[in-house]
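In case you want the letters, here they are:
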Amino acid sequence: MANLGDIGVSALINILGAFAFLLAFALLRIQPINDRVYFPKWYINGGRTSPRNNGYFVGKFVNLNFKTYLTFLNWMPQALRMTESQIIDHAGLDSAVFLRIYLLGFKIFGPIAVVALLVLIPVNVSGGTLFFLSKELVVSDIDKLSISNIPSKSIKFFAHISMEYLFTFWTCYMLYKEYERVASMRLKYLASQQRRAEQFTVLVKNVPYASGRSISDSVEIYFKKNHPDHYLCHQAVYNANKFRKLVRKRERLQNWLDYNQLKFERHPEKKRPTSKKGFLGLWGKKVDSIDYYREQLTEFDKKLTMERQRVLKDPKYIMPAAFVSFNSRWGASVCAQTTQSKNPTLWLTNWAPEPRDVYWKNLAIPFVSLTIRKLVISLLVFALVFFYMIPIAFVQSLANLDGLEKVAPFLRPVIELKFVKSFLQGFLPGLALKIFLYILPSVLMAMSKIEGHVAISVLERRTAAKYYYFMLVNVFLGSIATGTAFEQLDSFLHQSPTQIPRTIGVSIPMKATFFITYIMVDGWAGIAGEILRLKPLVIFHLKNMFVVKTERDREKAMDPHGVEFPETLPSLQLYFLLGLVYAVVTPILLPFVVIFFGFAYFVYRHQIINVYNQQYESVAAFWPHVHTRIIASLLISQLLLMGLLSTKKAANSTPFLAVLPILTLTFHKYCKNRFEPAFRKYPLEEAVEKDAEEGGPEHDLSLKSYLSDAYLHPIFRSFEEVGLVEDPETKVEKKPTHHIITPPASQPSSESTPKAEAELSNIQKYEFEAPGNAYHYEVAPPGNAYHYQVESPGNAYNYGPETHSNGPNGYHYEVEAPGNTYHYGDESPGNAYSYAAESPGNAYHYDVEQHSSLYSYADASHHNYRY
C-alpha cells in the first residue's frame, strides 16, 4: 500500500513533468516553424498569417527576436482576457459551456475541500482504529486520515453524515444555478441567430414505398397534403457512399497533379517532372508526371460521371428518408414535435441536425436494421467492459505491492528496492491505466457508428455514455473490488467469516491512494501534455516532410479538430464521481481534484481560443447528460457511504442517510422537468416571434434559395478542376474552375393536371442566385432535356442535352468569355463528339466522330500547346 512518501514521489514526478511540458510549450509556440500547430484556429478564421513569410532563411524556422524569450509566459494572462461572450462568438456555445463544466467542478469542490479538511480530517485522525488493527492487515498513513480510522458504533459518524448532507445540498444548489444558466444561454443563442437551416428543416425517416411512385414524389405529395401552408421543399437522401470513396480518390490524384505542376512552375528551367507507373512509383515505365496524372484524372472523371448518374437515377440508391424544409420555424416545430402517421413506425420526424453535423454515411442504413444493430452493439459493449476487467485487475495489483507480496513472495527481492517500490506504487499504476484507456474511445466510437446515428454530435454523446459506463464499472467499481481482493486476500484466509464485512468496510477507502496517483498522472501531467500537443506537432512536421505537396495539404496537415467530447466528458465525470465519493470517506483526495479542475480550465480555455475548431455546433445539447451523471455520482456516493457505515455497525446513524437519495432523485426530476425541454424542443412561442421578425415575401424567396441546397450531400458540391498547361517549357498556369455536381432538389410545384402530376418525378428544378453568379439546373421531359447555366460578369457557361431528329439525345456545352471560346457538342445518331477551344492566338481542336468504332483526333495550335 502506497504511503505518504510514495504519494510524494508521484507528486514530484508529475509536477516536474507538468512543468517541463509547460516550459516546452512556452518555447515551442513562439517558433515560426510551429506557428500552425499552436494557432490553427486563427489561420482558419483568417486572423493570422504565417511569420515564415518574412525575414531571413533562419528566421523562418527559429524565432530570432530574443525579447520574446523574456516574455514567453505571456500566454497565461492572454488565455483569460477573452470574455465568455467573446468565446461564444469566436468558438461557439458548445465550447463556452464545455469550459463552464470545469468552472462548476472548481466551484463545487473548492468550498467542499476547505470544509472537509478543517472538519473531517481532525475527526478521522482522532479515531485511532487502524493503530490497533492486526499488522497482517495492509494499511497506510493515508488510511489513517480516512473514515476507516473511526471505531465501530462511534458517535463521530454523525459528523460524516452531516457533511454528506451539507455537500449534497451545496452540489445540488450549484447544479441548479448552472442548469438555469446554461438553459438561458442556449435560448439566448438560438434567439440571436438570424437564420439556421436546422430551424426550418426536419429529417423524415422510414418513408413508405408506394407502387409507381418514387420516394421523392411520395415525400412531396405527403407534405403538400398534410402541411400545405408551410411545406417549402425537400432534399432526397442518396446512398452515395461508393461515390464518396471515388471523390476522395480523385482528390488524391488532383493533389499529385498540383504538386507536379507547382514543382515545374518553381523550376521552369529544368525538365518536366517524371515518375514511374509501377507500385508506389518504384518501378515501371517512366512517364511525364503532369500528362500522366491528367490522363488519370480524365479517366477517373468518366467513372465519377457514370457513378453519379447511377446514384441519381437508380431507385435503389434513393433511401426512404428526406430532409424536409418549411417556410417558417413554426411549421418545422409542429412537424418535428408531432406524430405524422397513424402507424407510429412510418413517417418518423425529428429535428434535422446542423448541416455540418450530419453523418452522411449512416443515412444510407435501412431503418429496419437499426434495432438489430443497437442490440448487437449493446451486447458487445457489455462483453468489452468485462474483457477489460482482466488488465484493469492487473494494473490495480501493481498499486498494492504490499498485498501482492503476500500472494507472490518470490517477487519480494525486486519489490523491496526502495526507489523501485516508490516508483511502481506512486506512478506506474496511473500511467498503465491511462495507456489501457487510450485506444478505448476509438473502439467505442466505431461501435456508435455501427448503431446508425445520423448526427456527429449524437455519435459523440453516445460514445461518451459508453465510455462513462466503462469507467464507472472498470476504473471505479472495478478498482475497488480488485483492490479489496488483492489487498485483503491474506487476511480473508486467516480470519473468521464474521470479520470479513468489517475488513471490506475498512478496505474501500484504501483505494484513495490509487485514485490520487491517477489524478496526478491524468489530471496534472496529462493536461499539461494536452497544451504541449506533442503528437500533433510531430505529425505536422512529418507530413510537411513526406506528405505536404501544396498549400492545401499544409492546411489539412494542421487540422486541429475540436474538443474530444467522447473522451473528455467521461473523464470529467469520473473526477466529479471521485470527488463526491471521497469527500466524506477520504478528504485528503479533494485538493488533488480541485487542482485538476482549476488547471484544466486554464489549459482548455487557451486551446479553445487558439487551437480547437469545432466541426459542428450542437448548442450545448450535451449538458443534460453532464447534469444527469453528476446526479448519478451523488447517488453513488450516498449509497457507498451507507454501505460503509453498515460495516461499522452504525445502525442508529445509517437510517438518516436513507432520506438523502430520495431528496436527490426528487431534485433531479424537478430539474429535468424545468430545464430539459429547452434542450429537446424548440418553443413555439419563440418560433412565432422569430418568424414575425423575418416575415414578408422577400423572406420566403431568400429562404427558398437558402434551404434548397443546405442539406445537399457534400460530395455533390463543387470541386476544383485543373487548368491547362500553357507552355510546357516555360510556365504552368493554374486556372481553376468550379464544376457543380448537383442532384436535383425538389421544390413544390403547382398542381395543374394529372399529366403534370404524373411527370413530377421527371420535372425538377434547382436554382441559386447571388451577386455576380447565377446557377440554373433543369430537367424537363420529354426526351430528358438538361439545362445548366452559370452567368457572371465575365463568363457564361451553358450546358444542355436537347433532342434532335437525328438521334434520341443531343448534348451541347459552351463557354463564352472575353478572348476564349469553348465548344462541345454531340449531334449525331451514332454518338459523335466534338470539342473546340478558340481564342486569339490560340486554337485547340479535338474531334471524335464515331461510326463503326472510328475515332479521329486533331490538335491545331499556333504554338503546339499540350492538352
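Read on for an overview of the structure. Residue positions are counted from 1 within each chain, in the order its sequence is given. Given that this is a predicted model, residues contribute local features only at a pLDDT of at least 70 and side-chain atom pairs are listed and counted only at 80 or more, while totals for whole chains, interfaces and linings are drawn from all residues. The side-chain numbers reported here are obtained from all heavy atoms of the structure, hydrogens and water having been left aside.

## Quick notes on the sheet that holds strand β5 (residues 318-326)
Convention followed: By this definition, two strands are paired if DSSP reports at least two bridges between them. Numbered from the N terminus, helices here are DSSP runs of H or I no shorter than four residues, and strands are runs of E no shorter than two. Axis lines are fitted through C-alpha atoms, for helices just across the contact stretch, and the angle between N-to-C directions can take any value from 0 to 180 degrees. In what follows, a contact means two residues having at least one pair of non-hydrogen atoms within 4.5 Å.
What the 4 strands build is an open sheet, ordered β2-β5-β1-β6; its pairing is antiparallel. For this open sheet the edge positions go to β2 (231-238) and β6 (348-351), each flanked by a neighbour on one side alone. Strand after strand, the sheet turns through a mean of 30° between neighbouring axes, direction not considered. Looking at chain direction, strand β1 (residues 201-205) and β6 are connected through 4 bridges and run antiparallel. Bridging from a neighbouring strand, Leu203 pairs with Asn350 of β6. Here helix α9 (residues 215-226) sits on the sheet in contact with β1, β2 and β5, set at roughly 35° to β5.

## Observations concerning the nonpolar core
Heads up, the condition is: Put simply, a nonpolar core is a bunch of buried Ala, Val, Leu, Ile, Met, Phe, Trp, Tyr and Cys residues held in one set by side-chain atoms that sit within 4.5 Å of each other. Residue exposure (1.4 Å probe, protein chains only): buried if accessible area is under 20% of the type maximum, exposed if over 50%, otherwise partly exposed.
With 143 residues, the main nonpolar core has Phe98, Tyr102, Phe109, Phe476, Tyr582, Phe597 and Trp623 as its most contacted residues. Per-element tally for this core: the top contributor is helix α7 (residues 93-125), with 15 residues. Those residues in contact with Trp623, other than ones at most four positions away along the chain, are Val97, Ile101, Leu104, Glu178, Tyr179, Val182 and Phe679.

## Considering the side chain of Arg605
Put simply, the test is: Here Asp and Glu are counted as negative and Lys and Arg as positive; His is not counted, and neither are the chain ends. Any carboxyl oxygen of Asp or Glu that lies within 4 Å of a side-chain nitrogen of Lys or Arg is treated as forming a salt bridge with it. For this analysis, a polar contact is any N or O atom pair within 3.5 Å, provided that within protein one partner can donate a hydrogen and the other can accept it, and provided that sequence-adjacent residues contribute only side-chain to side-chain pairs.
Within the secondary structure layout, Arg605 lies in helix α26 (residues 590-610). The side chain of Arg605 sits in the buried core without any salt bridge; Glu84 is the nearest counter-charge, 7.1 Å away. Side-chain polar atoms of Arg605 contact the backbone oxygen of Ala79, separated by 2.7 Å. Among all residues touching Arg605, those that are not within four sequence positions of it are Ala79, Leu80, Arg81, Met82, Thr83, Glu84, Ile87 and Leu99.

## Some remarks on the pattern of salt bridges
The final tally for this structure, using the stated rule, is 17 salt bridges. Note that Lys177 and Glu180 form a salt bridge whose closest N and O atoms lie 3.9 Å from each other. Placement of both Lys177 and Glu180 in helix α8 (residues 157-192) is noted, with a separation of 3 residues, approximately one turn of the helix. Residue Glu180 is classed as partly exposed on the basis of its relative accessible area of 30%. Among the salt bridges present, the one from Arg272 reaches Asp291, with a minimum N-O distance of 3.5 Å. In this pair, Arg272 sits in the loop between α10 (241-266) and β3 (274-276) while Asp291 sits in helix α11 (residues 289-313), placing the two residues 19 residues apart along the sequence. As far as the burial class goes, Arg272 and Asp291 line up, both buried. Within the structure, one salt-bridge network assembled from shared partners comprises Glu84, Arg100, Glu178 and Arg181.

## Structural notes on unusual backbone geometry
For Trp347, which is not glycine, the phi dihedral falls at a positive 55°. With respect to the helices, strands and loops of the structure, Trp347 is situated in the loop between α12 (329-336) and β6. Classification of Trp347 as buried rests on a relative accessible area of 8%. Not every positive phi belongs to a glycine, and Val619 is a case in point at roughly 60°.

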